[in-house]
Amino acid sequence: MAINTINVEMLAKMFLAGAQNIEAKKEYINELNVFPVPDGDTGTNMSMTIMSAAKEVRALSNPGMKELAKAISGGSLRGARGNSGVILSQLLRGFTKAIQDEDEIDAAGIASACRRATETAYKAVMKPKEGTILTVAKGIADKAEELAFETDDLAEIFPQVLEYAAEVLDQTPEMLPVLKEAGVVDSGGQGLLEVLRGAYDAFLGKEIDYTSIEPASVQGKVSAAPASEADIKFGYCTEFIIMAEKEFTESDESEFKAYLESIGDSIVCVADDEVVKIHVHTNDPGLAIQKALTYGQLTKMKIDNMREEHHERLIKDAQKKAEEAKAAEKKKAPQKKVGFIAVSIGEGLNEIFRELGVDYIIEGGQTMNPSTDDMLTAIDNVNASTIFILPNNKNIVLAANQARSLTKDKDIIVIPTKTVPQGITAVINYIPEADVDTNEETMLEAVKSVQTGQVTYAVRDTKIDNKEIHEGDIMGIGDAGILAVGTSITETAKETLRNMVGEDSGLISIYYGEDVTEEEAEAFISDVEEEYSELDVDAHFGGQPIYYYVMSVE
């Protein structure tokens, strides 16, 4: 039977299923990143972006197409994290703008929306690069338009679009040599494909588990008082997947659910052939695990202490109220002309930025890319007519620019710093007596002189820049690629510096991370001072996670 249109109810189901699928596949997508670093990666960023919108959609009650479009677009724009997340939010923004005034969407409408999505995303990127999520999006639009001229049946169009999207994705290594060398397809393109695959499952009527998508809280709605610890009857949130050794029958499912109900509540048991996903709140996770082992092996095990989380939430709520009160006091003060926002990655680096006069620190950076909404919150809390934002990470620049475009009452200037040392140099070169335009030009010029090297460990085997990298190796990563690979943190850091220092270099700055002891740092710094006795060496505790050393040469 031909299906010629989809209505708002079906579109909402497809969107939520797409969000759910990328949430389930995010770790797989993370593993496709070219650089094998333990950062918050593409899958995480795309999942958190679309989940922000999915929560808005789940909060709607019988929406029209315009309300649904607004929830998808607004939620993803505010929740966008990382370059891949921002691009995904722009794809969703373009798509929803094209369909927001429709009651139902036909083949031509789908094709037009896909084209507008692609055009919107390309415009959001200053220098679009082929072999990325943008290329996959363009392939989807091309195929949708081609098929819309051949048939009105969406049941025929959707699987062919999916198949072509996968073909385009498979070609991305031929467009970007770095993907080919690493032996992976583009991670952002894979993420987009997973969204579409989930959406198609919903279109086919497959049962989708939406339990991980909590509805967003509605502003202005009176919420119930937070539960006390005494209200938490079962203290451990327990999740795992059973890899059944034989078919998990309806009888098995009923028996296991009955057992779980005898030891807990909030039970979810979803079976798909030999794979069974379990969620239960219980006071004895071991009982649930022991029973599950009678059906097969377990994987993806996760146990959270909800009473402990309750205590932490109370502490965080108190801290948040204190911060809000402090921010309210700041807003009462006269507005100053210029303020600064910086993204930072460690206690020591945070303090350095504060000492340099930065008004608001967004913590995140490498390990968790801040969202556009995080940027907007920071902007709201800085009482200045003009605000300079220092993203300090190439994967955060787009989110900062998106926040700028959404801010109407303040002049926002994004200095596209790609590393923390660049951000520090930018602030140091700010001249209070000069006007805004002069300072922007001065900071942009100063940032150009900064080379950055970051020392961390590899999370998987790969090959980049003709260097064989194995899981657990230590890597020195420069502005344009891998500078050094070794097994010693200190020796790899030294080799990284040797590949950065040149004839015109005058200053080496070193920031050591939370996993480096003070004694180790002092020994390394002493060696650097001895090897580069003709240069100034400036060293600080940075406190950053994941990166043993962040270094710069100017």
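Keep in mind it's a predicted model, so treat the numbers as computed, not measured. (Residues numbered from 1 in each chain as written. Predicted model: local features only at pLDDT ≥ 70, side-chain atom pairs only at ≥ 80, totals over all residues. Heavy atoms only, no water.)

1. Examining the overall build of the protein
Rule in force here: Put simply, DSSP marks the helices as runs of H or I at least four residues long and the strands as runs of E at least two long, and each gets a number from the N terminus on. With C-alpha atoms as the basis for the radius of gyration, the globule rule is written as 2.2 Å multiplied by the number of residues raised to the power 0.38. Exposure classes here rest on a 1.4 Å probe applied to the protein chains alone. A residue is buried below 20% of its type maximum, exposed above 50%, and partly exposed in between. Should any heavy atoms of two residues lie within 4.5 Å, those residues are counted as being in contact. Where accessible areas are quoted, they stem from the Shrake-Rupley method and a 1.4 Å probe; at the residue level, only the protein chains shown are allowed to cover. Note on charges: Lys and Arg go in the positive column, Asp and Glu in the negative column, and His and the chain ends are not counted at all. Think of each charge as sitting on NZ of Lys, CZ of Arg, CG of Asp or CD of Glu.
A count of helical and extended segments in the protein gives 19 helices and 18 strands. Since a compact globule built from 554 residues should have a radius of gyration of about 24 Å, the 26 Å found for the protein is in line with a globular shape. For the protein, the spread of C-alpha atoms along the three principal axes comes to 75 × 55 × 55 Å. Buried residues in the protein amount to 50% of all 554 residues. By sequence separation, contacts in the protein at least 24 residues apart represent 71% of the contacts at least 6 residues apart. For the protein, the computed accessible surface area is about 27,100 Å², with 48% contributed by carbon and sulfur atoms. Of the side chains in the protein, 52 bear a positive and 96 a negative charge, and the two mean positions are spaced by 6 Å.

2. Regarding helix 11 (residues 285–292)
Spelled out, the test is: For this quantity, the arc is that covered by the directions from the helix axis to the C-beta atoms.
Along helix 11, the positions that sit buried rather than exposed are Pro285, Ala288, Ile289 and Ala292. Mapping the buried residues of helix 11 onto a view down its axis gives an arc of 95 degrees, with all of them on the same face. Packing partners of the buried residues in helix 11 comprise strand 3 (236–244), helix 10 (250–263), strand 5 (275–282) and strand 6 (296–305).

3. Observations concerning helix 13 (residues 347–355)
Since one α-helical turn is 3.6 residues long, residues separated by three or four positions face the same way. The set of residues buried in helix 13 consists of Gly348, Leu349, Asn350, Ile352 and Phe353. Taken together, the buried residues of helix 13 touch strand 7 (336–344), strand 8 (360–363), helix 16 (420–428), strand 16 (507–512) and strand 17 (536–541). Following helix 13 by one or two positions, Gly357 adopts a phi angle in the positive range, close to 100 degrees.

4. A few points about the packing of helix 4 (residues 82–99) against helix 5 (residues 107–124)
This is how it is decided: Axis definition: a line fit to C-alpha positions, over the contact stretch in the case of helices; interaxial angles, taken between N-to-C directions, run 0 to 180 degrees. Geometric relationships in this document are graded by angle, where less than 35 degrees denotes roughly parallel, more than 145 denotes roughly antiparallel, 65 to 115 denotes roughly perpendicular, and other angles denote oblique. Handedness of each helix crossing follows the sense of rotation of the near helix against the far helix: counterclockwise by less than a right angle gives left-handed, clockwise gives right-handed. Lys, Arg, Asp and Glu make up the charged group, whereas Ala, Val, Leu, Ile, Met, Phe, Trp, Tyr, Cys and Pro make up the nonpolar group; the residues left over, Gly among them, are polar.
Taken N-terminus to C-terminus, the directions of helix 4 and helix 5 make an angle of 140 degrees; their axes are 7 Å apart at the nearest point. As summarised for this structure, helix 4 and helix 5 are arranged oblique, according to the angle between their axes. Judged by the twist between their axes, the crossing of helix 4 over helix 5 is right-handed. Contact residues: Ile87, Gln90, Leu91, Arg93, Gly94, Phe95, Lys97, Ala98 and Ile99 in helix 4; Gly109, Ile110, Ser112, Ala113, Cys114, Arg116, Ala117, Thr118, Thr120, Ala121 and Ala124 in helix 5. Of the residues in the contact of helix 4 with helix 5, the class split is 11 nonpolar, six polar and three charged.

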